[in-house]
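Chain and residue survey
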Amino acid sequence: MMVDKINSLTIRTPEGIEFSLMLAGPVTRFLAWSVDLLVILTTNKLLNVLLGVLGIISRDFAMAAGVLMYFIVSIGYGIVTEWYWHGQTLGKRLLRLRVTDVCGLKLRFSQIVIRNLLRFVDSLPVFYMVGGLACLINRRAQRLGDFVANTIVVWSPRVEEPDLDQLLEGKYNSFRKYPHLEARIRQHVSPAEAQVALQALVRRDEFEPRARVQLFQSIVTYFKTFISFPQEATESISDEQYIRNLVDALYRPKTAGKSS
Amino acid sequence: MIIDLQKFISAERPYWSELEAVLDKLAKRPELRLSLSRLERFHYLYQRTSGDLARIKTFSAEPNTRVYLEALVARAFGEIHGSPEKPHRLAPMHWFFSTFPQTFRKHVRAFWICLTAMLVGGAFGGFVIVVDPAAKEVLLPFSHLHGDPSERVAKEEAADDDRLAGAKTSFSSYLMTHNTKVSIFTLALGMTWGVGTLIMLFYNGVILGAVVLDYVLAGETPFLLGWLLPHGAIEIPAIILAGQSGLVLAGALIGWGKSISLKARLRKISDDLVTLIMGVAVMLFWAGIVEAFFSQYHEPVIPYEAKIGFGALELILLVLFLTRSGRKGKGERAESRKLMAQGSRLKAGKLKAEGRKFKAESSRLKV
């Protein structure tokens with residue numbers, strides 16, 4: 001297991017399969033906590049209103065219930081929600097965060113309790129300063145509670161399919177004449193490399209004209225080091241069109257390919 | 001290599017869905033035990049999906065399927081390789097009468113260290129009061145303890161009205177929550193390699209020692225015992241137990257003489273920490289009720305003998321509970337010793353055999 005520079009935790013299973021977990025940073029976590037704090041305060045406010053009615057019968061009992069409820073809600077909220085939603089509170093759900101075991105194992109109840117109890121130290125002196133600093137220093141972005149409980153907070157970004165129709169519409173692709181080479185592209189290009197080509201196309205209008213030409217030139221030079229199409233397929237096209245063809249070959253659904 | 005992605009996905013999707021259904025079921029019912037055949041099927045599905053993930057990773061254009069499979073494999077991995085937490089339903093009585101005292105005894109050394117820290121603090125507090133009585137205004141955080149003990153006793157005993165009338169329940173709940181917060185804080189201070197925990201216990205000892213000496217020197221021992229013992233017999237040990245859990249945490253962080261990694265050490269103690277702190281919360285719940293409803297009433301309302309007798313009884317029961325409750329019977333202990341001895345013999349025998357094999361192998365290689 002290793003922690004790389006992009007703040008993600010890569011777990012390698014005994015079967016030799018790797019999967020990555022994106023670690024959540026202190027700012028996102030602080031926002032999630034703010035939402036949770038709001039939920040706790042609102043719940044307590046509502047309980048106080050209800051207990052106000054109880055106060056008509058016994059003021060002492062209503063006050064005692066108020067003190068106990070505030071304590072139970074503020075400590076139990078994190079424990080109960082994280083246990084029930086498998087590592088998520090309401091704030092974490094909104095920000096797509098989740099608490100998981102540091103080794104990718106199943107989250108145990110004791111881990112949830114410990115990380116929530118150690119908030120007492122993490123929240124010192126104000127606004128989670130100790131926890132925030134620990135989060136910045138720790139290579140897995142763990143606050144002290146996470147460190148003791150062997151947990152991490154991961155972020156699951158929403159993966160959206162790129163709008164390929166808008167990108168590739170109405171353009172002739174000279175690579176399509178060579179299906180065996182297209183198949184080889186799909187085999188050799190890594191997901192990260194494919195993303196570079198796709199993102200360059202998606203964001204092409206954001207670049208200065210000179211930078212745009214240079215960027216596509218360097219991407220094409222890179223891809224040409226391990227893919228070579230016949231000269232007639234590449235000679236009359238610009239570098240940008242080369243990348244467009246490449247992205248079309250990589251992302252085009254099989255059925256669409258057949259129909260065209 | 002995947003030639004036709006659509007065909008691959010449509011062929012494999014049923015297996016992914018089946019695995020997802022098993023995982024959902026296990027998540028909903030943690031106590032569920034799968035039969036051997038279903039377990040084998042679960043393992044097969046996990047391995048097949050892992051294989052699919054490895055294959056789809058080479059296919060650049062399927063980020064959604066890849067992310068979905070990664071999430072599925074991650075969940076199944078956690079389920080299959082997860083640390084063996086015994087599936088159980090809630091059993092609060094068994095937990096309180098067996099697990100809690102057993103956990104206390106398992107880490108009793110940490111308890112003795114905490115008790116010593118508190119006693120040293122108490123001796124220091126007492127010493128300061130003897131040497132410099134004026135220092136109690138600095139040492140004691142509560143203003144009602146700054147005056148002359150005899151004056152306070154006279155005032156308390158002469159009081160006709162019930163000071164806590166109509167506020168006993170809220171005072172009790174305040175005490176419970178405040179003391180539980182202090183206990184959790186004492187546990188959490190274990191993060192400072194136990195230094196913070198010990199300072200906390202020492203400081204509490206200083207206050208306690210100063211109060212005790214102040215009242216004893218003023219000749220108000222019966223009042224002191226009658227006032228402190230009913231709730232203190234549970235509350236003070238509870239704070240020491242919180243300190244014990246802090247030192248257990250500190251011990252795992254430091255890891256002297258332990259050959260396992262920090263992560264493994266922390267994983268090993270996590271259940272014990274939760275058990276100890278939850279036990280402390282239960283103790284403080286009781287102490288809070290006693291302090292609000294019983295401790296604050298003195299003679300002539302309640303005779304001191306009754307209060308001291310009640311406190312002493314609580315203390316004896318607590319000691320018996322922590323040292324005896326949840327202990328195995330003689331037969332069970334003998335059986336467990338026998339099994340342990342058998343285990344060590346087997347281990348030693350296996351090691352010897354392995355050593356012989358290794359020696360033979362190395363001499364064969366030398367030849």
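Report on the accompanying structure. Keep in mind that what you see is a predicted model, and the values were worked out from it rather than measured.

**A look at the nonpolar core**
The biggest cluster of nonpolar side chains holds 60 residues, and the ones touching the most others in it are Phe100(B), Leu241(B) and Leu249(B). The element contributing the most residues to this core is helix H10 (residues 221–254) of chain B, with 11 residues. Residues Val102(A), Leu105(A), Phe42(B) and Phe77(B) belong to the second largest nonpolar core, which totals 31 residues.

**Some thoughts on the environment of Ile9(B)**
Within the secondary structure layout, Ile9(B) lies in helix H1 (residues 5–28). Once the C-alpha coordinates of Ile9(B) and Ile56(B) are considered, the two residues, 47 residues apart in sequence, prove to be 9.5 Å apart.

**What about the packing of aromatic side chains?**
What the rule picks out here adds up to 23 aromatic pairs over all chains. Taking 6.0 Å as the distance between ring centres and 15° as the angle between the ring planes, the aromatic pair formed by Trp95(B) and Phe100(B) counts as stacked. By relative accessible area, which is 0% here, Phe100(B) ends up buried. Considering the side-chain rings of Tyr215(B) and Trp227(B), the 5.7 Å spacing of their centres and the 45° angle between planes classify their relative orientation as tilted. With a gap of 12 residues between them, Tyr215(B) in helix H9 (residues 195–217) and Trp227(B) in helix H10 connect regions that are remote in the sequence. Grouping residues by exposure puts Tyr215(B) and Trp227(B) together as buried. Of the aromatic side chains, those joined through ring pairs into one cluster are Trp95(B), Phe96(B), Phe97(B), Phe100(B) and Phe321(B). When the ring centre of Trp85(A) is taken as origin, the NZ or CZ atom of Arg93(A), which lies over that ring, is 4.4 Å away. The lysine or arginine in question, Arg48(B), covers the ring of Tyr15(B), its NZ or CZ lying 3.8 Å from the ring centre.

**A few points about the pairing of strand S3 (residues 18–23) of chain A**
Residue and element names in this part refer to chain A. Here S3 shows a buried face lined by Phe19, Leu21 and Leu23 and an unburied face lined by Glu18, Ser20 and Met22. Where strand S2 (residues 8–12) folds back onto S3 in an antiparallel hairpin, the turn is made up of five residues, including Gly16, whose phi is positive at roughly 85°. One ladder, built from two bridges, connects S3 with strand S5 (residues 151–155); its direction is antiparallel. Across the sheet, residue Leu23 finds its bridge partner in S5, namely Val154.

Definitions and cut-offs
- Residues numbered from 1 in each chain as written.
- Chains lettered and ligands numbered in written order.
- Predicted model: local features only at pLDDT ≥ 70, side-chain atom pairs only at ≥ 80, totals over all residues.
- Heavy atoms only, no water.
- Core = buried A, V, L, I, M, F, W, Y, C linked by side-chain atoms within 4.5 Å.
- Buried < 20%, exposed > 50% of the residue type's maximum accessible area, 1.4 Å probe, protein only.
- Helix = DSSP H or I, 4+ residues; strand = E, 2+ residues; numbered from the N terminus.
- Phe/Tyr/Trp six-rings, centres within 6.5 Å; stacked < 30°, edge-to-face > 60°.
- Lys NZ or Arg CZ within 6 Å of the ring centre and 35° of its normal.
- Pairing = 2+ DSSP bridges.

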